[in-house]
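# Fold and geometry: a report
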Amino acid sequence: MSVSYTGRYDAIVVGVGTMGSATAYYLARRGKRVLGLEQFGIPHTMGSYHGHTRIIRLAYYEHPSYVLLLRRAYELWRELEREAGEKLLYITGSIDAGPEDSWVFRGSWESCKLHDLPHEVLTGAELHRRYPGYHLPKEHLALLQPEGGFLKPERCVVAYVMAAQREGAEIHGHEKVLEWEPLGGGGVRVRTSRGTYEAEKLIITAGAWDGQLVDVLEGLAVPERQVLAWLQPTRPEHFRPESFPVFNVLVEEGRFYGFPVFGVPGFKFGKYFHLNESGEADEIDREPHDYDERLLREFAERYFPEGCGPTMSLAVCMFTNTPDHHFIIDAHPEHEQVYIASPCSGHGFKFASVIGEIMADLAETGTTRHDISLFGIERFLGRSFGRPAGRVAENGGVRNGRPAAFRRSRQMRPFW
């Protein structure tokens, strides 16, 4: 039986996942009347955050300016743990490794020196002696930062949603946004599969669907297929959280990330940008295949051989990439009552807590004390990435037509 809703709110949050759940909570905690709209369930496995664990790390080769945001993110994750009465953040240490002159190693090392983060530099051979599960090339260098670890993403989203509900937020699952429009006197109107709503502010945190909902993000928010593997270790003692730091490594086969065994059977890992398959979020192939498994097992056999036992599980998720792989956190360039957060380009979950706080700041006052200058959308405007700024797409922001089934995405490159 269908249910129809209507109402007026201070803020509507579209997409109640990684960023949206936190945004809804921080707005509701400030006394705002908040509506969160999610097209799937809460939590769900159709987007980017599922998979039991997500890396958090302070050493940041992507750009050193992320580190200050991460310090606040850690504080807010621990606040959420206290609010939820549940452990969500686990510290294992983090490894960023590659050839001595690689941007993964050197970028992390520079961020540690710039921000005075505790760290050690180990050769591949020294890393193996300390953590026997690792078999990286002996001449590679590894940056060990002791405060890295992982979060439980599904439980983090649930914790934020339940905390938001306790603060009075109204959260709707299985309610798809069909269109939105700015109102002449300020505010917005949102039409969904179940009703029509109005609000003073609209915050769009829809991840892989951002580009379908926001005209200026077309071509700037490109979903990409990712595959994760969980393999049963033959030496399980080497892959426990206390003996296996989370990792980002750059090797001959590409850049990979991974986790200790936790929550479900298997050593978990994946390859950044996997097979470079990108397209519309609803068209991404969500089934893992034999060739996906072969690619991942070949990596594990070479660099983590005691972690390469029987396959326990395979799963598909999505990255949503910008051209420079930095986030977009900004107001819509033509509608000051509309704010955009994400896409995260494969490294955003760890920031969800602080980005939720930032989006609440922006929706409430239009400003934030956090430095988000790196993430302004103006860096892309005027380039040939889709529609020009300022034109609402047909059908209220949902694009007509489809691109080719898959496009080749850009590989991530060093930025500094």
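Preceding this paragraph is the structure being described.
What comes next is a walk through the structure. (Residues numbered from 1 in each chain as written. Predicted model: local features only at pLDDT ≥ 70, side-chain atom pairs only at ≥ 80, totals over all residues. Heavy atoms only, no water.)

### As for the overall build of the protein
Where we set the bar: Secondary structure elements are taken from DSSP: a helix is a run of H or I of four residues or more, a strand is a run of E of two residues or more, and numbering for both begins at the N terminus. The globule rule is 2.2 Å times the number of residues to the power 0.38, and the radius of gyration it is compared with is taken over C-alpha atoms. For every residue, the accessible area obtained with a 1.4 Å probe (protein chains only) is divided by the maximum for its type, and the residue is called buried under 20%, exposed over 50%, and partly exposed between those limits. In short, Shrake-Rupley with a 1.4 Å probe defines the accessible areas, and a residue's cover is counted only from the protein chains shown.
When you go through the protein residue by residue, the secondary structure sums to eight helices and 21 strands. Whereas a compact globule of 416 residues would reach a radius of gyration of roughly 22 Å, the protein reaches 21 Å, a difference of no more than 12%. Its C-alpha atoms put the protein at 65 × 45 × 45 Å along the principal axes. A burial count over the protein gives 60% of its 416 residues as buried. By element, 49% of the accessible surface of the protein is carried by carbon and sulfur atoms, the whole surface being about 16000 Å².

### Quick look at the packing of aromatic side chains
Keep this limit in mind: Each aromatic pair joins two rings of Phe, Tyr and Trp (for Trp, the six-membered one) with centres within 6.5 Å, and gets the label stacked for planes under 30 degrees apart, edge-to-face for over 60, and tilted for any other angle. Distance and angle both matter: a charge sits over a ring if NZ of Lys or CZ of Arg is within 6 Å of the ring centre and within 35 degrees of the ring normal.
Tallied over the full model, the rule gives 40 aromatic pairs. Here the aromatic rings of Phe244 and Phe304 are separated by 5.8 Å at their centres, their planes lie at 65°, and the arrangement is edge-to-face. Of this pair, Phe244 sits in the loop between strand 13 (222-231) and strand 14 (246-251) while Phe304 sits in the loop between helix 7 (290-303) and strand 18 (311-321), and the two are 60 residues apart along the sequence. Grouping residues by exposure puts Phe244 and Phe304 together as buried. The ring of Tyr90 has Lys87 sitting right over it, with the charged end atom 4.8 Å from the ring centre.

### With respect to the environment of Pro260
Put simply, the test is: Note on contacts: a residue pair qualifies if any of its non-hydrogen atoms lie within 4.5 Å across the two residues.
Counting through the fold element by element, Pro260 comes out in the loop between strand 15 (254-259) and strand 16 (267-271). Sequence-wise, Pro260 and Gly149 are 111 residues apart; in three dimensions their C-alpha atoms are separated by 9.7 Å. Residues within four places of Pro260 in sequence aside, it is in contact with Thr92, Phe150, Phe239, Arg240, Pro241, Phe244, Val246 and Gly266.

### Focus: the pairing of strand 7 (residues 141-145)
Every other side chain in a regular strand lies on the same face of the sheet, so the side chains alternate between the two faces. Rules: Here, strands pair whenever DSSP counts at least two bridges between them.
Counted residue by residue, strand 7 has five buried out of five residues, so it is predominantly covered. Burial along strand 7 is two-sided: the face carrying Leu141, Leu143 and Gln145 and the face carrying Ala142 and Leu144 are both buried. In the sheet, strand 5 (residues 94-98) pairs with strand 7 via five bridges, with the strands oriented antiparallel. Paired with Gly98 across the bridge in strand 7 is Leu141. Of the pairings in the sheet, the one linking strand 6 (residues 120-123) to strand 7 comprises four bridges and is antiparallel in character. Each bridged residue has a counterpart across the sheet, and for Leu122 the counterpart in strand 7 is Ala142.

### A closer look at the pattern of salt bridges
Put simply, the rule is: We count a salt bridge whenever a side-chain nitrogen from Lys or Arg sits within 4 Å of a carboxyl oxygen from Asp or Glu.
Overall, the coordinates contain 24 salt bridges when judged by the stated rule. Across the pair Glu79 and Arg29 runs a salt bridge, and its minimum N-O distance is 3.9 Å. One end of the pair, Glu79, is in helix 2 (residues 66-84); the other, Arg29, is in helix 1 (residues 18-29), with 50 residues separating them in the sequence. Judged by its relative accessible area of 40%, Arg29 is partly exposed. A salt bridge links Glu179 to Arg191; the shortest N-O distance between them is 2.9 Å. Taken together, the positions of Glu179 in strand 10 (residues 177-182) and Arg191 in strand 11 (residues 188-192) put the pair twelve residues apart, joining distant regions of the chain. Its relative accessible area of 33% is what places Arg191 among the partly exposed residues. Where salt bridges share partners, they join Arg8, Glu181, Arg189, Glu198 and Glu200 into one cluster.

### Re helix 3 (residues 103-114)
Threshold: The span expected for a helix works out to 1.5 Å for each residue beyond the first.
Over its twelve residues, helix 3 extends 15 Å from the first C-alpha to the last, a length consistent with the 16 Å expected when each residue adds 1.5 Å. Along helix 3, the residues that are buried comprise Val104, Phe105, Gly107, Ser108, Ser111 and Cys112. Buried residues belonging to helix 3 abut helix 2, strand 5, strand 6, strand 7, strand 14 and strand 15. Just downstream of helix 3, Asp116 is the residue with a positive phi angle, here 55°.

### What about the side chain of Asp330?
The condition is simple: Residues counted as positive are Lys and Arg, residues counted as negative are Asp and Glu, and His and the chain ends are not counted. N or O atoms closer than or at 3.5 Å make up a polar contact, with two conditions inside protein: a donor-capable atom paired with an acceptor-capable one, and, for residues adjacent in sequence, both atoms drawn from side chains.
Tracing the sequence through the fold places Asp330 in strand 19 (residues 329-331). This buried residue, Asp330, is left without a salt bridge; Arg379 holds the nearest opposite charge, at 6.9 Å. Among the polar contacts listed, one links the side chain of Asp330 to the backbone nitrogen of Ile377, at a separation of 2.9 Å.

### A few points about the environment of Val188
Structurally, Val188 is set in strand 11. As a C-alpha pair, Val188 and His335 span 147 residues in sequence and 9.5 Å in three-dimensional space. Residues contacting Val188, with those up to four places away along its chain left out, are Glu181, Pro182, Leu183, Tyr197, Glu198, Ala199, Lys201, Leu202, Gln337 and Val338.

### Details of the packing of helix 2 against helix 5 (residues 153-166)
A pair of packed helices is characterised by two quantities: the angle between their axes and the separation of those axes. To keep things clear, this is the line we draw: Here the axes come from fitting lines to C-alpha atoms, over the contacting stretch only for helices, and the angles between their N-to-C directions go from 0 to 180 degrees. Orientation categories follow fixed angle ranges, with anything under 35 degrees roughly parallel, anything over 145 roughly antiparallel, 65 to 115 roughly perpendicular, and all other angles oblique. Handedness of a helix crossing follows the sense of rotation of the near helix relative to the far helix, less than a right angle counterclockwise being left-handed and clockwise being right-handed.
Remark: helix 2 packs on helix 5, axes separated minimally by 10 Å, with the N-to-C direction vectors making an angle of 65°. In this view, helix 2 runs roughly perpendicular relative to helix 5, as classed from their interaxial angle. Where helix 2 crosses over helix 5, the two elements pack in a sense that is left-handed. Here Leu76, Trp77, Leu80, Glu83 and Ala84 of helix 2 come into contact with helix 5, specifically with Cys156, Ala159, Tyr160, Ala163 and Arg166.

### Quick notes on the state of the cysteines
Simply put, the disulfide is a covalent bond whose two ends are the sulfur atoms of two cysteines. Selection criterion: We call a pair of cysteine sulfur atoms a disulfide whenever their separation is within 2.5 Å.
This structure, assessed with the given rule, holds zero disulfides. Cys344 provides the cysteine sulfur closest to Cys156, a residue in no disulfide bond, and the two sulfurs are 14 Å apart. Note on Cys156: relative accessible area 1%, which makes it buried.

### Side note on the nonpolar core
Basically, it comes down to this: Within this scheme, the nonpolar core is defined by two criteria: the residues are buried Ala, Val, Leu, Ile, Met, Phe, Trp, Tyr or Cys, and they are joined through side-chain atoms within 4.5 Å.
Among the nonpolar cores identified, the biggest contains 60 residues, and Trp77, Ile329, Phe351 and Ile355 are the most heavily contacted of them. Listed by contribution, the elements that provide at least two residues to this core are strand 1 (5-14), helix 1, helix 2, helix 3, strand 7, helix 5, strand 20 (338-341) and helix 8 (352-365). For this core, the element with the most residues is helix 2, which contributes nine residues. Excluding residues within four positions of it along the chain, Trp77 makes contact with Ile56, Leu89, Leu151, Cys156, Tyr160, Phe349, Lys350, Ala352 and Ser353. With 31 residues, the next largest nonpolar core counts Val188, Tyr197, Val216 and Val338 among its residues.

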